[in-house]
Amino acid sequence: SFFVMIFLGAWPNRFVERAAVLSLAVFYFAWGILSHLKEEHVTKKIISEYASISFLAAFLLFLITL
């Protein structure tokens, strides 16, 4: 919800919106990988899933800011 508030609160400023989108994608990817590392259950498939979902979400949110 923190990133949503930043994204919506920065509405007229496209640069801040895009920075929030990038921060959200990096945070989601890092959080997912770190949580699986903690459980000692990391595979290439899990890494690729988190990377693809974070990229897709960032791409779609980036399209909103065009």
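Conventions used here
- Residues numbered from 1 in each chain as written.
- Predicted model: local features only at pLDDT ≥ 70, side-chain atom pairs only at ≥ 80, totals over all residues.
- Heavy atoms only, no water.
- Patch = residues over 30% accessible without salt bridge, like charges linked within 9 Å, V, L, I, M, F, W, Y side chains within 5 Å.
- Areas by Shrake-Rupley, 256 points an atom, 1.4 Å probe, with all protein chains shown as cover.
- Salt bridge = Lys/Arg side-chain N within 4 Å of Asp/Glu carboxyl O.
- Buried < 20%, exposed > 50% of the residue type's maximum accessible area, 1.4 Å probe, protein only.
- Helix = DSSP H or I, 4+ residues; strand = E, 2+ residues; numbered from the N terminus.
- Contact = heavy atoms within 4.5 Å.
- Expected span 1.5 Å × (residues − 1).
- Arc of directions from axis to C-beta.

Trainee: Account for a nonpolar patch on the surface, with residues named and values stated.
Mentor: A surface patch of nonpolar side chains, amounting to about 710 Å² of accessible area, comprises F55, L56, F59, L60, F62, L63 and L66. With a relative accessible area of 45%, L60 lands in the partly exposed category.

Trainee: I'd like to hear about unusual backbone geometry, residue by residue, with values.
Mentor: Phi is positive for E40, close to 55°, though the residue is something other than glycine. Within the secondary structure layout, E40 lies in the loop between α2 (14-38) and α3 (44-64).

Trainee: Quick one: what's the story with the side chain of E17, residue by residue and with numbers?
Mentor: With respect to the helices and strands, the residue E17 is situated in helix α2. Exposure remark for E17: the relative accessible area of 3% places this residue in the buried category. With near-sequence residues (within four places) excluded, E17 lies in contact with F7, A10, W11 and T65.

Trainee: Describe α3, and please don't skip the residues or the numbers.
Mentor: In this model α3 runs 30 Å from its N-terminal to its C-terminal C-alpha over 21 residues, within 8% of the 30 Å that 1.5 Å per residue would give. Three or more residues of α3 are buried, namely I46, Y50, S54 and A58. End-on view of α3: buried residues confined to an arc of 85°, all on one side of the axis. Of the exposed residues in α3, the ones pointing more than 90 degrees away from its buried face are K44, K45 and F55.

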